[in-house]
Each structure stands twice: as C-alpha cells, then as structure tokens.
Amino acid sequence: GSTLHVVGGTDDQAKLDRITNIFLAIDIKTGVSTRLADYPEVGLTTGTAAVAGGRLFVFGGARWNPALKTVVNHAAAHAYSPAKKRWEALPPLPHPGRGISAITLDDRHIFVAGGYRNDEVEFVTDAFVFTVATGTYAPTNPLPYAAMEGQVKSGDWLYCLGGEDRKRHRTDAAY
C-alpha cells in the first residue's frame, strides 16, 4: 500500500552501540510516522526484508553485543502482520549472517541469499527458498559469487547484482 516500514538501524553508523529495534510505519503520502511494536530482537542492523502474503518478513542481521563490545550476527527471522499488529517468530536461518538479501518470488516463497557470515567464513554464496506457509528453508543453487549482493526480479528472471564481495571492496558482477 502506501506505507513504508522501517525496522532497526542506528542514527549514527559510527556508534554501533546505538543499534535499535524500533519499528516504524511511515505514510508515504503524508509523511506521518507511527511507532509500531518493536522488533523482537535486542537490535537489528543490516538485516533483510521482503513482503509476501500481506506480511513483512525480516531475516538475519546483526546487533551490538555490549559484553564483547562488537557487532554480532544472528540467525533470527520474524514476520510482522499489519492486520494483527504483531510480530511472529519464525524458524531461524540455517546460519547467522548480515547483509543477506531477500526478494519475494511470489506470495508463498522468498529467496534469501548471500551475505556475510563471520570473520572466519566471511562472504557466502548460500541461497535458500523460504516457504511462507511452512516456515522452512530449502537450499537451492548457490549464488554465482560470494557477496552481500543486490537482487532484482523481473518476470521469471532473478538478477544478482554487484555488492560487497570482500571487506571494503565492491564488485560490479552481474548475473
């Protein structure tokens, strides 16, 4: 509709201890912002989201860990129902990660792929199809390159575009 949903983030990217779980609905016609039920995790940044079947699905991301004084990735997944005005916990991703991308394939399926797992594994080619009705992740063909990449769907085609493929490095790859 005419609502933009914004979840998590920080007001200062240099101060990651300010990562939040605030969830807002912004009316794109009037600019009016309404605070909704907070995202169920402690904080969220660089997660991914897609809409399917009238719900907003949020996968992965990172949060600030005050004990370790660093950002840690998580595998959390949740769906928000605007009709019910509440979050629902979903089965977690197969692996924690941030910078994952998600794109709606249809009202029943979301393609979830790529991202940055951790400092040991770094960027991944992992790709899954999430089935909305069952809350399951089915592995599918891996991405053509490991990255926090962007995706665009046009007709029957899914395009994998650019992104960060190494720390502080961008690629112009396109498939």
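See above for the structure.
Residues numbered from 1 in each chain as written. Predicted model: local features only at pLDDT ≥ 70, side-chain atom pairs only at ≥ 80, totals over all residues. Heavy atoms only, no water.

Asker: Lay out the environment of Thr30 in plain terms, naming residues and giving numbers.
Answerer: Its place among the elements puts Thr30 in the loop between β2 (20-27) and β3 (33-35). Polar contacts involving the side chain of Thr30 include one to the main-chain amide nitrogen of Val32, which spans 3.2 Å. (Helix = DSSP H or I, 4+ residues; strand = E, 2+ residues; numbered from the N terminus. Polar contact = N/O pair within 3.5 Å; in protein donor to acceptor, adjacent residues only side chain to side chain.)

Asker: Please provide a residue-by-residue account of the sheet that holds strand β5 (residues 55-59), values included.
Answerer: The four strands are arranged β4-β5-β8-β9 in an open sheet whose pairing can be described as antiparallel. Edge strands, defined here as strands with exactly one partner in the open sheet, are β4 (48-52) and β9 (86-89). Strand-to-strand twist in this sheet, taken as the mean axis angle between neighbours without regard to direction, amounts to 25°. Direction of pairing for strand β8 (residues 77-81) relative to β9: antiparallel, over a ladder of four bridges. Bridge pairing links Ala79 to Glu88 in β9. (Pairing = 2+ DSSP bridges. Axes fitted to C-alpha atoms, helices over the stretch in contact; angles between N-to-C directions.)

Asker: Requested: an account of the pairing of β8, with residues and values cited.
Answerer: For β8, a buried count of five out of five residues is recorded, marking the element as mostly surrounded by other parts of the structure. Neither face of β8 is exposed, since Ala77, Ala79 and Ser81 on one face and His78 and Tyr80 on the opposite face are all buried. Note: β5 against β8, four bridges, orientation antiparallel. Following the sheet pairing, Phe59 is matched in β8 by Ala77. A loop of four residues connects β8 with β9, the two strands running antiparallel in sequence, and Lys85 in this loop sits at a positive phi of about 55°. (Buried < 20%, exposed > 50% of the residue type's maximum accessible area, 1.4 Å probe, protein only.)

Asker: Pulling in residues and values, what's your account of the sheet that holds strand β1 (residues 3-9)?
Answerer: A sheet is described by the order of its strands in space; here three strands give the open sequence β1-β2-β3, paired in antiparallel fashion. Either end of the sheet is taken by a strand with one partner, and the two such strands are β1 and β3. In this sheet, adjacent strand axes meet at a mean angle of 25° when their direction is disregarded. The sheet contact formed by β2 and β3 spans three bridges and is antiparallel. Across the sheet, the residue bridging to Leu24 is Arg35, located in β3.

Asker: I'd like a rundown of unusual backbone geometry, residues and numbers included.
Answerer: For Lys69, which is not glycine, the phi dihedral falls at a positive 55°. The exposed category is assigned to Lys69, whose relative accessible area is 64%. At Glu122, a residue that is not glycine, the phi angle is positive and equals roughly 65°. Among the structural elements, Glu122 can be located in the loop between β11 (109-113) and β12 (127-131). Since its relative accessible area comes to 30%, Glu122 is described here as partly exposed.

Asker: If you had to explain the side chain of Arg55 to someone new, which residues and values would you point to?
Answerer: Residue position: Arg55 is located in strand β5. Residue Arg55 is classed as buried on the basis of its relative accessible area, which comes to 19%. Separated by 2.7 Å, the side chains of Arg55 and Glu88 make a polar contact. In contact with Arg55, other than residues within four places in its own chain, are Ala50, Ala79, Tyr80, Ser81, Pro82, Glu88 and Val132. (Contact = heavy atoms within 4.5 Å.)

Asker: I'd like to hear about the nonpolar core, residue by residue, with values.
Answerer: Membership of the largest hydrophobic core comes to 17 residues, with the highest contact counts inside it found for Phe57, Phe59, Leu93, Ile110, Val112, Phe130 and Tyr137. If you list the elements that add at least two residues to this core, you get β4, β5, β8, β11 and β12. The contact partners of Phe130, leaving out residues within four places of it in the chain, are Phe57, Phe59, Leu90, Arg108, His109, Ile110, Val112, Gly135, Thr136 and Tyr137. Within the second largest apolar cluster, 10 residues are counted, among which are Ile103, Ala113, Val129 and Ala173. (Core = buried A, V, L, I, M, F, W, Y, C linked by side-chain atoms within 4.5 Å.)

Asker: How would you summarise the pairing of β12 if you had to cite specific residues and measurements?
Answerer: Along any regular strand the residues' side chains alternate between the sheet's two faces. Burial analysis of β12 places four of its five residues in the buried class, the great majority of the element. Strand direction decides the pairing type here: β11 and β12, joined by five bridges, are antiparallel. When the bridges of β12 are listed, Ala113 appears paired with Ala127. Hairpin connection, β12 to strand β13 (residues 136-139): the antiparallel pair is bridged by four residues, and Gly135 has positive phi, about 65°.

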